[in-house]
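The chain contents come next:
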Amino acid sequence: PGLQFLSVSGGTDLNGCFAGGCPILPVRDGELQVPALGMDVAILDEEGKKLRAGDGPGELCCLQPFASQPLQFVGDDERGSKYRAAYFDQIEGVWCHGDFAEVTHSGGLIIHGRSDATLNP
């Protein structure tokens, strides 16, 4: 009682989370409870189509800019080539985080692991 235990998914690169917990929802084994507040989180297939519960895993993306979104990488060129390649080249104009994830029927998320097999610079 009085202690909430939850799992979150995000990154040090964005100093935030894409999914986390909610104190008024049940905790489900292996599942993050909700997309984070202020984050337009979506799971997209290879063509950029939104996946729904039951569609299986896809790319964890954020469709709109967010308050803690980095603007550039230190030492990148003027066009931000490394930054764009790290997050925006997979689906034009959409932040793709590099994680496979899936929407659950309860509205939560399951993170299956890295989709790019690397950590972004």
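Residues numbered from 1 in each chain as written. Predicted model: local features only at pLDDT ≥ 70, side-chain atom pairs only at ≥ 80, totals over all residues. Heavy atoms only, no water.

(A) Molecular detail of the overall build of the protein. Each helix and strand counted, the protein has one helix and seven strands in total. The C-alpha extent of the protein, read off along each of the three principal axes, is 50 × 30 × 25 Å. Out of the 121 residues belonging to the protein, those deemed buried represent 38%. Taken as a whole, the protein presents about 7700 Å² of accessible surface, with 55% of it coming from carbon and sulfur. Positive and negative charge centroids in the protein, built from 8 and 17 side chains respectively, lie 3 Å apart. (Helix = DSSP H or I, 4+ residues; strand = E, 2+ residues; numbered from the N terminus. Buried < 20%, exposed > 50% of the residue type's maximum accessible area, 1.4 Å probe, protein only. Areas by Shrake-Rupley, 256 points an atom, 1.4 Å probe, with all protein chains shown as cover. Lys, Arg positive; Asp, Glu negative; His and termini not counted. Charge placed at Lys NZ, Arg CZ, Asp CG, Glu CD.)

(B) Structural detail: the environment of Gly58. Mapped onto the secondary structure, Gly58 falls in strand S5 (residues 58–62). Sequence spacing of Gly58 and Asp45 is 13 residues, and the spatial spacing of their C-alpha atoms is 5.1 Å. Residues within four places of Gly58 in sequence aside, it is in contact with Ile43, Leu44, Leu51, Asp99, Phe100 and Ala101. (Contact = heavy atoms within 4.5 Å.)

(C) Main features of the sheet that holds strand S1 (residues 9–11). Within the open sheet, the three strands sit side by side as S1-S2-S3. Their pairing is antiparallel. Looking along the sheet, the strands with just one partner apiece sit at the ends: S1 and strand S3 (34–35). Bridge count for S1 against strand S2 (residues 16–20) is three bridges, and the pairing is antiparallel. Bridge assignment links Gly11 to a residue of S2, and that residue is Gly16. (Pairing = 2+ DSSP bridges.)

(D) Representation of the pattern of salt bridges. Counting across every chain of the model gives two salt bridges. For the salt bridge of Asp77 with Arg79, the shortest nitrogen-to-oxygen distance reads 4.0 Å. Residue Asp77 is classed as partly exposed on the basis of its relative accessible area of 35%. Take Arg79: its relative accessible area is 62%, and that puts it in the exposed class. (Salt bridge = Lys/Arg side-chain N within 4 Å of Asp/Glu carboxyl O.)

(E) Examining the confidence of the model for the protein more closely. The predicted model of the protein has a mean per-residue pLDDT of 90, with 95% of residues at 70 or higher. The weakest mean pLDDT in the protein belongs to S1 at 88; the strongest belongs to strand S4 (residues 41–44) at 97. (pLDDT = per-residue confidence, 0-100.)

(F) Up close: the pairing of S2. Between the antiparallel neighbours S1 and S2 lie four residues, among them Asn15 with a positive phi of about 50°. Inspection of the sheet shows S2 paired to S3 by two bridges, in the antiparallel sense. Counted as the bridge partner of Gly20 is Val34 from S3.

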